[in-house]
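# Architecture at a glance
For reference, the chains in residue letters:
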Amino acid sequence: MGGKTRLAQALYAASSRAGHRTFVAYGGTPAERASLLALYPESALVDGTERAGTVQPKCIVVCALGLAHPAQPDIDRHMERLAWDSRLLSTLVSNSRDRIHVILVSTVIALVPPRDRAYYAAFKNLAEAVVAASLRDSVGSRMSVLYPGRLVERCGFSRIADLFATPYGSLARRLVAIASADKPVARVVGLDARLWVLAKAVRTLVGAVSPNCGVTPVQARDGLPRI
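Now for a description of the structure that goes with this document.

About the cut-offs
Residues numbered from 1 in each chain as written. Predicted model: local features only at pLDDT ≥ 70, side-chain atom pairs only at ≥ 80, totals over all residues. Heavy atoms only, no water. Patch = residues over 30% accessible without salt bridge, like charges linked within 9 Å, V, L, I, M, F, W, Y side chains within 5 Å. Areas by Shrake-Rupley, 256 points an atom, 1.4 Å probe, with all protein chains shown as cover. Salt bridge = Lys/Arg side-chain N within 4 Å of Asp/Glu carboxyl O. Helix = DSSP H or I, 4+ residues; strand = E, 2+ residues; numbered from the N terminus. Axes fitted to C-alpha atoms, helices over the stretch in contact; angles between N-to-C directions. Parallel < 35°, antiparallel > 145°, perpendicular 65-115°, else oblique. Left-handed = near helix turned anticlockwise from the far one by under 90°. Contact = heavy atoms within 4.5 Å. Nonpolar A, V, L, I, M, F, W, Y, C, P; charged D, E, K, R; others polar. Buried < 20%, exposed > 50% of the residue type's maximum accessible area, 1.4 Å probe, protein only. Lys, Arg positive; Asp, Glu negative; His and termini not counted. Pairing = 2+ DSSP bridges. Phe/Tyr/Trp six-rings, centres within 6.5 Å; stacked < 30°, edge-to-face > 60°. Lys NZ or Arg CZ within 6 Å of the ring centre and 35° of its normal.

Our focus in this paragraph is a nonpolar patch on the surface. Residues Leu-163, Phe-164, Leu-191, Leu-195, Leu-198, Val-202 and Val-206 make up a contiguous nonpolar surface patch of roughly 610 Å² in combined accessible area. At five residues, helix H7 (residues 191-209) tops the list of elements feeding residues into the nonpolar patch. Position of Phe-164 among the secondary structure elements: in the loop between helix H5 (160-163) and strand E7 (166-167).

In structure tokens:
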């Protein structure tokens, strides 16, 4: 799921090279199908809204569910997308005739959200709850969650932040390994993500013993995505 993301494209390539039958599920609209045809062969696309589909997945990797990137609050539009993706996931799970493993790619921000990304972090945590709920009635189902930091095409020296980031291809190969091992995991991915958690933990501790934990200006909350 989330076939238009750069991570999904890297995952499809890595999984196909590993010899797995890999498909990209979409929501059934002509517009979405047309955009995915520019990225994948037609044989790779599966209309996930068809309950009697011919593909019974053993593992579903959710690269995006609902709000995929930080954005200014638009609750109606984003909730509509979340509901659409949730129905798609539920249909895919119900199509599986065997116990299913769902791997959700979240973000480290969901673990320790800063006040200026509270909206985005809330949707990521909501997505995790939606995935768990979709599996509740599936006997023997498993759920894994990865919390990566910054994702890049490749690590380079143009920006210091890129040195600690995780390449899409590296995370894609890790996803293939987790899917193949078929054992649920929950992991923070990337050196930058680990440093983020550590820094936020220290800041939270300081805020807990301080008389003022800091005020975030309204203008600094959930604005345009950072570059």
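Their axes nearest at 8 Å, the elements helix H1 (residues 6-17) and helix H6 (residues 168-181) cross at an angle of 55°. Classified by the angle their axes make, H1 and H6 are oblique. In this structure, H1 crosses over H6, and the sense of that crossing is right-handed. Mapping the contact onto sequence places Arg-6, Leu-7, Ala-10, Leu-11, Ala-14 and Ser-15 in H1 and Tyr-168, Gly-169, Leu-171, Ala-172, Arg-173, Leu-175 and Val-176 in H6. Across the contact of H1 with H6, the residue classes tally to nine nonpolar, two polar and two charged.

Attention now moves to the side chain of Asp-47. With respect to the element layout, Asp-47 can be found in strand E2 (residues 45-47). Salt bridges are absent for the buried Asp-47, whose nearest opposite-charge side chain, Arg-33, sits at 7.4 Å.

Glancing now at the environment of Ala-118. Topologically, Ala-118 is positioned in helix H4 (residues 118-135). Assessed through its relative accessible area of 23%, Ala-118 is described here as partly exposed. Taking C-alpha positions, Ala-118 is 6.9 Å from Asp-222, a pair spaced 104 residues apart along the chain.

This part is about the environment of Met-79. Along the chain, Met-79 turns up in helix H3 (residues 75-95). Among the residues examined, Met-79 registers a relative accessible area of 36% and is labelled partly exposed. For Met-79 and Leu-67, which are twelve residues apart along the polypeptide, the C-alpha to C-alpha distance reads 8.4 Å. In this structure, Met-79 is in contact with Phe-123 and Leu-126, ignoring residues within four places of it in sequence.

Before going further, it helps to spend a moment on the sheet that holds strand E8 (residues 186-189). Strand order in the open sheet formed by four strands is E3-E4-E5-E8, and the pairing between neighbours is parallel. At either margin of the open sheet sits one strand with a lone partner, and together these are strand E3 (59-62) and E8. Averaged over all adjacent pairs, the angle separating strand axes in this sheet is 15°, with direction ignored. Bridge count between strand E5 (residues 142-148) and E8: four bridges; the pairing is parallel. From the neighbouring strand, Val-145 faces E8, where its bridge partner is Ala-186.

Attention shifts here to the packing of aromatic side chains. What describes a pair of aromatic rings is the distance from one ring centre to the other and the angle between the planes of the rings. Tallied over the full model, the rule gives two aromatic pairs. Between the aromatic rings of Tyr-12 and Tyr-40, the centroid separation amounts to 5.3 Å while the plane-to-plane angle is 80°, which identifies the pairing as edge-to-face. Taken as a pair, Tyr-12 in helix H1 and Tyr-40 in the loop between helix H2 (30-37) and E2 lie far apart in primary sequence, 28 residues in all. Judged by relative accessible area, Tyr-12 falls into the buried class, the value being 18%. Look at Tyr-40 and you get buried, because its relative accessible area is 5%. Over the ring of Trp-196 we find Lys-200; its NZ or CZ atom is 4.8 Å from the centre of that ring.

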